[in-house]
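# Coordinates in review
The primary structure of each chain is shown beneath.
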Amino acid sequence: VSASDIATLVKQSVDIVDVIGQVVALRRSGNRHVGLCPFHKEKTGSFHVDAANQLYYCFGCHSGGDVLKFIMTYQNLPFSDAVRYLADRYNIALPQQDYSYQAAGTAAEESRRERDLLYDALKKANDYFYDQLHHGEAGRNAREYLRMRALPAQVVEAERIGYAPPRWDGLLRHFESSGVDLDVGLKAGLFSKSAKERLFDRFRDRLIFPIADDRGRVVAFGGRALSKETDGPKYLNSPETPVFQKGRMLYQSARARAACREVRQVVLVEGYMDLLAFHAKEFYRVVATLGTALTAHQVRILKRMVDEVVLAYDSDDAGERSLLRALPFFLQEELPVSCIRFPQGMDPDDYLKAQGLSALEELLQCRTDLGRYAVEKMLGNWDGSTSGKIRVLAEFQPIYDAVLQPLLKAEYLRIVADRLSLSEKVAEEQLLHGRTDAGRSPGATRAAPISRVPQTQPREESILRLMIRYPDLIEEVRSSEAVNYFQESRLKAVALVLVEAYRQGDGMLEPSTVYDMLPEPELKELYTRFQMEPADLHEPLLQMRDWLQALRECKTRQNSLESLNESLRRAQEAGDSARVRALLAQIHSLCSTQNRAKCSQDNLEGVKHQ
Ligand SMILES: [Zn+2]
């Protein structure tokens, strides 16, 4: 009996509504149960439990998953302890060999021993990567890259940055020869397992950033792809392990905590390179998220560390979106938050290199309150019409609801009312009216009304949402082979699992099976969110066919663009200026059809998310 069989047994024997209902007051609402989220402070119920799918999801802080995920998060237990916890409470007899009822002390002792083994393996891996960067022949590209990015040697040293060579078994062989248990390496997230149960290196041809906990122990790695030939996304992180939970840590928080003792203000960035650009200038009041969106838990960590957070995200649309998405968490924790914006197309790293630290410190001086920034953005989108006013107020609603401090609430309301030429009373009444509307449809706080879904979401995401909402359409997707054209790796991974689960289930799709088949917590989260968010369409089949068709055309155009670019490069090398002009014209016309088809935007989305 394997551990996953036992987990399945436990999941089948308990009801998620019953388990969560013991710690969260739930009321029935349609086919869901709703309550106040136990993971973030709120006054309105954004926390939904779905008995049919046996999943929970919070529309406020986006935490979600199955019953085991809930127990792991709520009781702060590792996976195996969460299984045992539920088995104990529901008198589920577990096969003896794996889960004998040990005294709690022994279990704790065992889990500490397990963690020590993981720390040890991670440290050895770090030494290996470090050695490869400095001495390996294969490390030359990585050294060249660091020179190009102008990362000073003392930062590379201090952070023990490394390099994973482009081999399937580099670290694997190293562990074998130095007697490290490969299973421990697997548990530490250093290896992956193939379909044929063979282990291979997770990180290949990547620059490696060690991620340490507050006690300085390496708990995970972030890996940046070094060439176009590198498999997988641009940034690849360790998966969650018993010693690493992405949403519960921040990169370089120990260093920042020490630096923030005098000036209790920290800069939050989104990437390792951005953060290290600050370190290169000897500025240490800076932390970074670990490849996922900011969580409520991370904001609580920050709250214990500082009195104010300044977000310094990329100046592109994706950066803008994460900026606005972060706001409610800060409002709920009543932690002052502001932002700085860089000239279009720049990230903190670019800016620091081009302008230096003193320019950045000036930006910090004239930072903008994030709530105010968000409100101004919304007002900037107002088209001057009355229906536009209602839209702006609807957009403002989640912010207004999330603000706990009365003064701030009044200030935002005043700005909005003033600019829309409404009395504050009328604006407030409209907001209250909007709230009862939102109460009727789950997830309404997360922006888009249903009819707007197709235009505002990138196509791949829309296709995936339809597959989840209407499993009958999965066959359509499978036969079109559209999944192969997906650019965004997470969406692609979930879509592939859906296709596979549909095949294995002979056309039936069991949500909890899909959930269990998804290999990474991040993918489980994505699936839970899409499963729980409303996505109804009038003509799903026709819509799906349109999207699949568009995706194919987009891919074809992209292929032609790539080959044109290649010809252009050759024509430039050959100095054939007539041909260069002709090719540029072709590229130009292809790009403008792309824009019309919103194709390039989808491509950019794909790149950004990776
Ligand atoms: Zn929540």
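Above this text sits the structure in question.
From a predicted model like this one, the values you see are computed outputs, not experimental measurements. (Residues numbered from 1 in each chain as written. Predicted model: local features only at pLDDT ≥ 70, side-chain atom pairs only at ≥ 80, totals over all residues. Heavy atoms only, no water.)

### Structural notes on helix α24 (residues 521–532)
Rules: Helix and strand assignments come from DSSP, with helices taken as H or I runs of at least 4 residues and strands as E runs of at least 2, each series counted from the N terminus. Each residue after the first adds 1.5 Å to the expected span of a helix. Here's how the labels work: a residue is buried when its accessible area is under 20% of the maximum for its type, exposed when over 50%, partly exposed in between, all with a 1.4 Å probe on protein chains only.
Spanning 12 residues, α24 covers 16 Å between terminal C-alpha atoms, matching the ideal 16 Å at 1.5 Å per step. Those residues of α24 lying buried are Leu523, Lys524, Leu526, Tyr527, Thr528, Phe530, Gln531 and Met532.

### Some words on the nonpolar core
The cut-off we apply is this: The definition of a nonpolar core used throughout is a set of buried Ala, Val, Leu, Ile, Met, Phe, Trp, Tyr and Cys residues joined through side-chain atoms within 4.5 Å. In what follows, residue pairs with any heavy atoms lying within 4.5 Å of each other are defined as contacts.
Ranked by size, the top nonpolar core spans 73 residues in total, and within it Phe47, Val309, Leu311, Phe330, Phe396 and Ile399 carry the most contacts. Not counting chain neighbours up to four residues away, the residues in contact with phenylalanine 396 comprise Val375, Met378, Tyr412, Leu413, Val416 and Leu431. Leu122, Leu172, Leu275 and Leu357 belong to the second largest nonpolar core, which has 65 residues in total.

### Notes on the side chain of arginine 224
Applicable threshold: We score Asp and Glu as negative and Lys and Arg as positive, and we do not count His or the chain ends. What counts as a salt bridge is simple: a side-chain nitrogen of Lys or Arg found within 4 Å of a carboxyl oxygen of Asp or Glu.
By secondary structure assignment, the location of arginine 224 is in strand β10 (residues 218–225). Among buried Asp, Glu, Lys and Arg side chains, arginine 224 stands out as unpaired, with aspartate 349 the closest opposite charge at 8.2 Å. When neighbours within four sequence positions are excluded, arginine 224 is seen to be in contact with Tyr145, Arg149, Asp205, Arg206, Leu207, Phe209, Lys234 and Tyr235.

### Notes on the sheet that holds strand β13 (residues 286–288)
What counts here: Any two strands with at least two DSSP-identified bridges between them are counted as paired.
Taken in spatial order, the 5 strands of this open sheet run β13-β12-β14-β15-β16, and their pairing is mixed. The sheet is open, and its two borders are formed by β13 and β16 (368–369), each paired with just one other strand. Sheet analysis places strand β15 (residues 337–339) next to β16, joined by 2 bridges and oriented antiparallel. Bridge pairing links cysteine 339 to threonine 368 in β16.

### As for the pairing of strand β12 (residues 265–269)
Put simply, the test is: When the strands point away from the viewer and the path from the first strand over the helix to the second turns clockwise, the crossover is right-handed.
The buried fraction of β12 amounts to 5 of the 5 residues, a majority that puts the element mostly inside the structure. Across the two faces of β12 the burial is the same, with Gln265, Val267 and Val269 and Val266 and Leu268 all buried. In terms of strand pairing, β12 meets strand β14 (residues 308–311) through 4 bridges, oriented parallel. Pairing of valine 267 across the sheet is with valine 310, part of β14. Two elements, β12 and β13, share 3 bridges in a ladder whose sense is parallel. When the bridges of β13 are listed, valine 269 appears paired with alanine 288. In the classification by handedness, the crossover that spans β12, the intervening helix α11 (residues 272–280) and the parallel β13 is right-handed.

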